[in-house]
Amino acid sequence: MEIVSAIFLGTLFGFVLHRVGASNPENIINMLRLTDLHLMKAILFAIGLSSSILFLGMAVGVIDSGHLSVKASFNGVMLGGALLGLGLGSVGYCPGTGLAALGDGRRDAVAFVFGGLAGAFAYMLSYPAVKATGLLDSIAGGKSTLAVTGNESYVALVPGVPGWMLALGIGILLMGIAWALPGRPGSGPRPLPHGLPVS
Amino acid sequence: MTGQLDWLRGGIALAFAFLIAVWMVKPIGVSTQFVIADGAVWDLVSPNLVVEDPETKSGYNSENAYLAKSGGKYAKNVANPVNYSFVFVIAMVFGAWLSRITRGPQPSKADRVAPRVWRNRFGDRPVPRYALAFLGGFLVLYGARLAGGCTSGHMMSGMMQTSVSGYLFAMTTFATGIAAALTLYRRGDGHR
């Protein structure tokens, strides 16, 4: 049964990543060099909408808060995110979209996935050394969320407000930003703020 | 529903993919499975890598400290690769293929080697693109494992749950991602 769910949900996720254009590295690179923000708008809207419905669903008891899985905060999250960003901005794939791009028949995605396997292997070997630096020690309450989830494994940093209310507020804010962001902030060569032409 | 979805429809579709996953099973995550794939291959070459061990929480242990952490939960998945998370990731490749053959966005022959933004800047030769894609993959997965998750697990699933770690991750990922893309591709060059 678990495997049937895996096939269904994995297929759905791969299908959606492809349809939204996330498995096309062109879209990721143009998002990050700020020429085409359609993917950025989609991502922000998706986070805002899913977060709002998730917390409302948990509040009325339709979604089981035991299904949540909150990851811990530690300095390695930021350093690792920075390294991931460098790779993402350079080649235009992240782990999920690189795999989806395999289904798109992209050959550079094959190179990306092999590079990813090598990078993950390097981490497996260097894990004891990384751990010894203290980069993996918890900060900001460890496995913490802003909104109250109702799952006792996780600390809420804003305990005084009902979880659904805070999550809905953040969700609407994110959807609002998604709506307001320009799809194409200035196409083609444009002057820099100082009036210098872009080379 | 042919071609690439606009941002609003795309955003709604993405939201429901993440929601249905957490409703039915658990939040979506991808990057751990690169470790499981490595471990499964490594275990084929050296069968003593992962062993059964009734002392640990998962019942499995490993001589590799990373696979052995958290009660051997990665070791267990390496020993049994046909599990939910690994099959999920394999199914993603199938899902993307399914979208392509059902009138989703179609990459051209040249796009399958390198995206247009790359070709405009660095030319059509495949080898430099493959080399950088490999290097980028290395950085992305090393970074994802150090961070404990990737764009799916940390950023999308994380911020959906209002996880503090998700916001921290998204901040630095976008900061260096934008810096790298602007440095390498510049802003104005080759815009369609």
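Here's what I pulled together on the structure shown here. None of these values were measured; they are calculated from a predicted model. (Residues numbered from 1 in each chain as written. Chains lettered and ligands numbered in written order. Predicted model: local features only at pLDDT ≥ 70, side-chain atom pairs only at ≥ 80, totals over all residues. Heavy atoms only, no water.)

## Overview of the overall build of chain B
Assigned secondary structure in chain B consists of eight helices and two strands. Within chain B, the proportion of its 192 residues that are buried is 54%. A separation of at least 24 residues holds for 46% of the contacts in chain B among residues at least 6 apart in sequence. When the accessible surface of chain B is split by element, carbon and sulfur atoms take 62% of a total near 8,200 Å². Positive and negative side-chain charges in chain B, numbering 19 and 10 respectively, have mean positions lying 14 Å apart. (Helix = DSSP H or I, 4+ residues; strand = E, 2+ residues; numbered from the N terminus. Buried < 20%, exposed > 50% of the residue type's maximum accessible area, 1.4 Å probe, protein only. Contact = heavy atoms within 4.5 Å. Areas by Shrake-Rupley, 256 points an atom, 1.4 Å probe, with all protein chains shown as cover. Lys, Arg positive; Asp, Glu negative; His and termini not counted. Charge placed at Lys NZ, Arg CZ, Asp CG, Glu CD.)

## Considering the interface of chain A and chain B
In this complex, chain A contributes 123 residues to the contact, which on the side of chain B involves 120 residues. Of the roughly 10,800 Å² buried between chain A and chain B on both sides combined, carbon and sulfur atoms contribute 73%. In terms of surface lost to chain B, no three residues of chain A exceed Arg19, Arg33 and Met124 of chain A, which account for 8% of the buried area on that side. Where chain A meets chain B, there are three salt bridges. When the shortest N-O distance is used, the salt bridge between Asp108 of chain A and Arg129 of chain B registers 2.8 Å. At the junction of chain A and chain B, the tally comes to 37 residue pairs in polar contact (both at pLDDT 80 or more). Secondary structure elements with two or more residues in the side of chain A that touches chain B: helix H1 (2–19), helix H2 (25–32), helix H3 (38–59), helix H4 (75–91), helix H5 (95–103), helix H6 (107–132), strand E1 (144–145) and helix H7 (163–180) of chain A. A per-class count over the side of chain A that touches chain B returns 74 nonpolar, 36 polar and 13 charged. (Buried area = accessible area lost by both parts, 1.4 Å probe. Salt bridge = Lys/Arg side-chain N within 4 Å of Asp/Glu carboxyl O. Polar contact = N/O pair within 3.5 Å; in protein donor to acceptor, adjacent residues only side chain to side chain. Nonpolar A, V, L, I, M, F, W, Y, C, P; charged D, E, K, R; others polar.)

## Some remarks on the side chain of Thr11 of chain A
Within the secondary structure, Thr11 of chain A sits in helix H1. Contacts of Thr11 of chain A, omitting those with residues within four sequence positions, involve Ala6 of chain A together with Ala91, Met92, Phe94, Gly95 and Leu98 of chain B.

## Digging into the nonpolar core
Ranked by internal contacts, the top residues of the largest apolar core, which has 102 residues, are Phe13, Leu54 and Tyr123 of chain A together with Leu14, Val30, Leu67 and Phe88 of chain B. It is H3 of chain A that provides the largest number of residues to this core, a total of 12 residues. Every residue in contact with Phe13 of chain A, bar those within four places of it in the chain, is listed here: Leu14, Ala17, Phe18, Ile28, Val30, Phe88, Met92 and Ser152 of chain B. Counting six residues, the second largest nonpolar core, distinct from the first, contains Ile29 of chain A together with Val117, Trp118 and Tyr185 of chain B. (Core = buried A, V, L, I, M, F, W, Y, C linked by side-chain atoms within 4.5 Å.)

## Structural notes on the packing of aromatic side chains
Within the structure shown, the criterion is met by 15 aromatic pairs over all chains. With 4.9 Å between their ring centres and 55° between their planes, Tyr127 of chain A and Tyr66 of chain B make a pair best called tilted. Of this pair, Tyr127 of chain A sits in helix H6 while Tyr66 of chain B sits in helix H3 (residues 65–79), on two different chains. Accessibility assignment for this pair places Tyr127 of chain A and Tyr66 of chain B in one class, buried. (Phe/Tyr/Trp six-rings, centres within 6.5 Å; stacked < 30°, edge-to-face > 60°.)

## Let's talk about the pattern of salt bridges
Summed over all chains, the structure comprises eight salt bridges over all chains. Where Arg184 of chain A meets Asp36 of chain A, a salt bridge forms, and the shortest distance between an N and an O atom there is 3.8 Å. Taken together, the residues Arg184 of chain A in the segment after H7 and Asp36 of chain A in the loop between H2 and H3 connect sequence positions 148 residues apart. The partner of Arg119 of chain B in a salt bridge is Asp111 of chain B, and the shortest N-O contact between them spans 3.0 Å.

## Observations concerning the side chain of His18 of chain A
If you trace the backbone, His18 of chain A turns up in helix H1. For His18 of chain A, a relative accessible area of 1% gives the class buried. Non-local contacts of His18 of chain A, meaning those with residues more than four positions away in its chain, are made with Ser23 and Asp104 of chain A together with Ala96, Ser99, Arg100, Gly104 and Pro105 of chain B.

## Topic: a positive patch on the surface
Taken together, the side chains of Lys143 of chain A together with Lys26, Lys57 and Lys73 of chain B make up a positively charged region of the molecular surface. Positionally, Lys143 of chain A belongs in the loop between H6 and E1. Of the residues examined, Lys143 of chain A reaches a relative accessible area of 44% and is grouped as partly exposed. (Patch = residues over 30% accessible without salt bridge, like charges linked within 9 Å, V, L, I, M, F, W, Y side chains within 5 Å.)

## Quick look at the packing of H5 of chain A against H6 of chain A
Residues and elements named next belong to chain A. Following both chains from N to C, one finds H5 and H6 inclined at 135°, their axes separated by 8 Å at the closest point. In terms of orientation, H5 and H6 fall into the oblique class. Handedness of the H5/H6 crossing: left-handed. Residues Pro95, Gly98, Leu99, Ala101 and Leu102 of H5 form the contact with H6, whose own contacting residues are Ala109, Val110, Phe112 and Val113. Residue composition of the contact of H5 with H6, by class: eight nonpolar, one polar and no charged. (Axes fitted to C-alpha atoms, helices over the stretch in contact; angles between N-to-C directions. Parallel < 35°, antiparallel > 145°, perpendicular 65-115°, else oblique. Left-handed = near helix turned anticlockwise from the far one by under 90°.)

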